[in-house]
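Close look at the chain arrangement
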Amino acid sequence: MLPDLLAYTVRVLPGLLLIGACFALAREPLLRIVALVLGFVLIRDAMTPLGFWRVGTAGPVPWLRFTDAPGILLVFGAATLALTATVLRLDDDLRALVRWGRPVTAIPGLAGGALIAAPVLLLSLSTPVAERGGPVAASLLPALLFFALAGNLAEEVLFRGFLQGHLERSGPGPVRAALLSAVMFAACHAYLASTVTDLGWPLPVFTLYEGLICAFLRLRHGVVAAALAHGVAIFLLSAG
């Protein structure tokens, strides 16, 4: 595990240092949000060549599998939570943009996660699991759930907390802000679909669908509901 994590760190560190410098130098909140999004895309996409996750298609249906090393999933999940907490603690302007919602938002969040995953899971029923990345060991599921919830909390804080919150304040209106955050979320998967992998159009279509659900959950219920929906959907897709 440690050699894999070291190789990953060496791969992403130069880019993260430059992105960190951009974040530190930027005075405008929007520029700091852009820097954080770039950092997240780098962290996520660099997982692919090292085999920390695999994505593919069975016909037009995308499938997703993460590493079968629970330690790596736990380290990534914990590190993502720590980075998110650090940004929220240190940046008052960005923290003020996040509308978390109330604890009762768990119900729409769970429903949103099922809604996101359902089309892919239903279309996958006719395809053997061996053609969709293979079966997932039951012993991996707790670490996989933690990783999915932690990693996608960070992603939702970025896109639905910081970005959507900033867009709402800047004047386009809450509905347009939700639409923009969803479209930008899908656009940030374009490199993953066309250069990092050869997934092609199914991934942008799916992430736009996912982004719209999360954006309107955030609009109505807050970031907690959007993050729960995103995390549950990724868990269902990567375990199914």
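Residues numbered from 1 in each chain as written. Predicted model: local features only at pLDDT ≥ 70, side-chain atom pairs only at ≥ 80, totals over all residues. Heavy atoms only, no water.

1. Description of the overall build of the chain
Each helix and strand counted, the chain has 10 helices and 2 strands in total. The helix and strand sequence of the chain, counted from the amino end, reads α-α-β-β-α-α-α-α-α-α-α-α. Relative to the compact-globule value of 18 Å for 240 residues, the chain shows a C-alpha radius of gyration of 17 Å, a close match. The C-alpha extent of the chain, read off along each of the three principal axes, is 50 × 40 × 35 Å. (Helix = DSSP H or I, 4+ residues; strand = E, 2+ residues; numbered from the N terminus. Rg over C-alpha atoms; globule rule 2.2 N^0.38 Å.)

2. Description of the side chain of T84
For T84, the position within the fold is in helix α3 (residues 70-90). Once you skip the residues sitting within four places of it in the chain, T84 turns out to touch A154 and V157. (Contact = heavy atoms within 4.5 Å.)

3. Looking at the nonpolar core
Counting residues in hydrophobic clusters, the biggest one holds 23 residues, and the most contacted among them are Y8, M47, F66, L73 and F76. Secondary structure elements with two or more residues in this core: α1 (2-25), β2 (61-66), α3, α6 (141-170), α8 (190-196) and α10 (223-239). Sort the elements by how many residues they give to this core and α6 lands first, with 4 residues. Apart from the residues within four sequence positions on either side, L73 is in contact with F66, T67, L140, A143, L144 and F147. Core analysis: the next-biggest nonpolar cluster, separate from the first, contains 20 residues, L158, L167, A177 and V223 among them. (Core = buried A, V, L, I, M, F, W, Y, C linked by side-chain atoms within 4.5 Å. Buried < 20%, exposed > 50% of the residue type's maximum accessible area, 1.4 Å probe, protein only.)

4. Notes on the packing of aromatic side chains
Tallying each qualifying case throughout the model produces 7 aromatic pairs. Their ring planes at 70° and their centres at 5.0 Å tell us that Y8 and F76 sit as a pair that is edge-to-face. Of this pair, Y8 sits in helix α1 while F76 sits in helix α3; the two residues are 68 residues apart in sequence, bridging distant segments of the chain. Exposure remark for F76: the relative accessible area of 9% places this residue in the buried category. Taking the centre distance of 5.8 Å and the plane angle of 25° together, the rings of W53 and F66 count as stacked. One end of the pair, W53, is in strand β1 (residues 53-58); the other, F66, is in strand β2, with 13 residues separating them in the sequence. W53 sits in the buried class, given a relative accessible area of 10%. Accessibility expressed as a relative area gives 12% for F66, which makes it buried. One aromatic cluster is present, formed by Y8, F52, W53, F66, F76 and F147 through successive ring pairs. A cation over a ring is seen here: R160 above F185, with NZ or CZ 4.8 Å from the ring centre. (Phe/Tyr/Trp six-rings, centres within 6.5 Å; stacked < 30°, edge-to-face > 60°. Lys NZ or Arg CZ within 6 Å of the ring centre and 35° of its normal.)

5. Details of the packing of α6 against α10
Between α6 and α10, the least distance of the axes is 7 Å, while the angle of their chain directions is 140°. By the angle between their directions, the pair α6 and α10 is classed as oblique. Taken as a pair, α6 and α10 cross one another with a handedness that is right-handed. Packed against α6, whose contacting residues are L141, L144, L145, A148, L149, N152, L153, E155, E156, V157, R160 and G161, the element α10 presents V223, A226, A227, L228, H230, G231, V232, I234, F235, S238 and A239 at the interface. Residues that form the contact of α6 with α10 fall into these classes: 15 nonpolar, 5 polar and 3 charged. (Axes fitted to C-alpha atoms, helices over the stretch in contact; angles between N-to-C directions. Parallel < 35°, antiparallel > 145°, perpendicular 65-115°, else oblique. Left-handed = near helix turned anticlockwise from the far one by under 90°. Nonpolar A, V, L, I, M, F, W, Y, C, P; charged D, E, K, R; others polar.)

6. Describing the packing of α6 against helix α7 (residues 174-187)
Running from N to C, α6 and α7 point in directions that differ by 140°, and their axes come no closer than 9 Å. On the basis of their axis angle, the class for α6 and α7 is oblique. Crossing geometry of α6 relative to α7 is assigned as right-handed. Where α6 abuts α7, its residues E155, F159, R160, L163, Q164, L167 and E168 lie against P174, A177, A178, L180, S181, A182, M184 and F185.

7. Some points on the pattern of salt bridges
A complete count under the given rule lists 7 salt bridges for this structure. The partner of D92 in a salt bridge is R95, with the nearest N and O atoms 2.6 Å apart. Of this pair, D92 and R95 both sit in helix α4 (residues 92-95), 3 residues apart, which is roughly one turn of that helix. The salt bridge partner of R218 is E168, with a shortest N-O separation of 2.9 Å. (Salt bridge = Lys/Arg side-chain N within 4 Å of Asp/Glu carboxyl O.)

8. With respect to α10
Given a rise of 1.5 Å per residue, 17 residues ought to cover 24 Å, and the 24 Å separating the end C-alpha atoms of α10 matches this to within 8%. Buried residues dominate α10, accounting for 13 of its 17 residues. (Expected span 1.5 Å × (residues − 1).)

9. Examining helix α5 (residues 106-124)
For α5, built from 19 residues, the straight-helix expectation of 27 Å at 1.5 Å per residue is met to within 8% by its first-to-last C-alpha distance of 27 Å. The sharpest bend along α5 reaches about 40° and sits at A118, with the proline P119 one to four residues further on. Those residues of α5 lying buried are P108, G109, G112, G113, I116, A117, V120 and S124. Where the residues of α5 are buried, they touch β2, α9 (202-221) and α10. (Bend = angle between axes of the 7 residues up to and from the residue.)

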